[in-house]
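As a plain string of letters, each chain reads:
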Amino acid sequence: MYDDPDIFDRKFEHIKIVLDKNVDYKIGNWLEYVHLIHVSIPEFDIDDVDTTVDFLGRRFSYPILIDSMTGGTEKAYKINEALGRLAGEYNIPISCGSQKAALIDNNLVYTYRVIKDVCPDCFLIGNIGGMDIVNNPVEVAQEVVSMVDADALAIHLNPLQEAVQHESKPKYSSVLESIRAICDSLDVPVIVKETGAGISMGVAKLLESAGVSAINISGAGGTSWSAVEVYRNLLRSDKLMAEVGKTFWNWGIPTAASLIEVVSTVDIPVIASGGIRNGIHVVKSLVLGARLVGMAAPFLRAFYKGELKFFMERVVNEVKVAMFLVGAKSVDELLEVNYVITGDLFEWCKQRGLI
Ligand SMILES: Cc1cc2nc3c(=O)[nH]c(=O)nc-3n(C[C@H](O)[C@H](O)[C@H](O)COP(=O)(O)O)c2cc1C
């Protein structure tokens, strides 16, 4: 079905590079330009803070998403097993990594399915690339969903990564119409996500009119897929594409800017991700209008340090403290919280007609 013999090495290399190298954007996620106004008298107790949130018909205990990462290798099986258990323990949604490897080799299905095996009730989001759906979109989407018994499907957009990747020649001409065909016929909600370069208001409008149920902006400021491909290109002695990748290391719409663009454009729920690293980032994103906030690399790093639970506890405690300090008892009340936007983000919003 797919001509992609390198996919098995690639999935393993991605994990290794993200763990071994600093592949973060060298620009921040721009949430540093969002200043929440401190409230000295919150008028409730910290134990009154309610972090539950409704998203696509389900209620979660925290507005946190374990974002798409892996599958397709034995290592990925172990990672997905641990992440699935975490999702169950904390009642949070989880997305698996691209299932393309298992479409090519059916023997790899177990490395994704393990999430539902360890957590039958969890809200699992399946995952496939925009470029991987253009031939037989509906059949591919249905297979991806049924493969893991997914509750929603995420279609990822990664034109930046594909454009700087040694073995790839991105072809995006039929992606939007394929997304539309899938939205028209799939019986679970479709989420479209970026992979770290952000979604603009123009793209958000196209996606909403194609019928997607939610958008995950995945903006610039966290894992840079151009940076990851720099290291993969060097492994293949492809000096030319390594240099091109370096040039695009910081390419993209910073997370805070992308989030403001998208929430001000669409009426569907928006997920913030891309460089979210702590509970203050989570709460700032919710104040700006995100419904859920996703993290990818931080969960991977915590897994390898044997600190998944500690990491999750740290973030949920930070979320509660930040909600308390802005005087918001619930996730909905965060939408009423006062904030100030400064610096480059203010300039961006002004020029894009957002303030
Ligand atoms: C090791 C790794 C593998 C990833 N694989 C996928 C993938 O298969 N599908 C996808 O949609 N996004 C994938 N992503 C992208 C993330 O879901 C996310 O959009 C991006 O990394 C930005 O978030 P972060 O800064 O928290 O890592 C991957 C991220 C990491 C770190």
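Residues numbered from 1 in each chain as written. Predicted model: local features only at pLDDT ≥ 70, side-chain atom pairs only at ≥ 80, totals over all residues.

Engineer: I'd like to hear about the overall build of the protein, residue by residue, with values.
Structural biologist: In terms of helices and strands, the protein carries 15 helices and 12 strands. For 355 residues, the compact-globule formula gives about 20 Å, and the C-alpha radius of gyration of the protein, at 19 Å, lands near that figure. Viewed in the frame of its principal axes, the protein has a C-alpha envelope of about 60 × 45 × 40 Å. At a minimum sequence separation of 6, the contacts of the protein that also span at least 24 residues come to 79%. (Helix = DSSP H or I, 4+ residues; strand = E, 2+ residues; numbered from the N terminus. Rg over C-alpha atoms; globule rule 2.2 N^0.38 Å. Contact = placed C-beta atoms within 7 Å.)

Engineer: Tell me what's going on with the site of the ligand, and back it up with residues and numbers.
Structural biologist: Every one of the 27 residues lining the ligand counts as a neighbour, but Gly97, Ser98, His156, Gly222 and Ala296 are closest to it. For the shell around the ligand, the secondary-structure elements that each account for two or more residues are helix H1 (7–20), strand E7 (152–156) and helix H13 (297–305). The class makeup of the residues in the shell around the ligand is 10 nonpolar, 15 polar and 2 charged. (Near = placed C-beta within 6 Å. Nonpolar A, V, L, I, M, F, W, Y, C, P; charged D, E, K, R; others polar.)

Engineer: Which residues make up unusual backbone geometry, and what are the values?
Structural biologist: Despite not being glycine, asparagine 91 has its phi angle at roughly 50°, a positive value. For asparagine 91, the position within the fold is in the loop between helix H2 (74–90) and strand E5 (94–95). The exposure class of asparagine 91 is partly exposed, given the 16 C-beta atoms found within 10 Å. (Buried ≥ 20, exposed ≤ 12 C-beta atoms within 10 Å, placed from the backbone.)

Engineer: Tell me about the nonpolar core, residues and numbers included.
Structural biologist: In terms of nonpolar packing, the biggest core is built from 115 residues, with Leu153, Ile215, Ala256, Leu259 and Val270 touching the most fellow members. Setting aside residues no more than four positions away along its own chain, alanine 256 makes contact with Asn29, Trp30, Leu31, Tyr33, Val34, Leu288 and Leu345. (Core = buried A, V, L, I, M, F, W, Y, C linked by C-beta atoms within 7 Å.)

Engineer: Go over helix H8 (residues 201–210), please, and point to the residues and values.
Structural biologist: For H8, every residue scored as buried is listed here: Val203, Ala204 and Leu207. Looking down the long axis of H8, one finds its buried residues gathered within 100° of arc, a one-sided arrangement. Residues Gly202 and Ser209 are exposed on H8 and point more than 90 degrees away from its buried face. One or two steps after H8, the chain reaches glycine 211, where phi turns positive at roughly 105°. (Arc of directions from axis to C-beta.)

Engineer: Can you lay out the environment of glycine 129 for me, pointing to particular residues and giving the numbers?
Structural biologist: Take glycine 129: it is sitting in strand E6 (residues 124–129). Overall, the presence of 19 C-beta atoms within 10 Å leaves glycine 129 in the partly exposed class. It is 9.6 Å that separates the C-alpha atoms of glycine 129 and valine 192, two residues lying 63 residues apart in sequence. Ignoring any residue separated from it by four or fewer positions in sequence, one finds glycine 129 in contact with Ser98, Lys100, His156 and Asn158.

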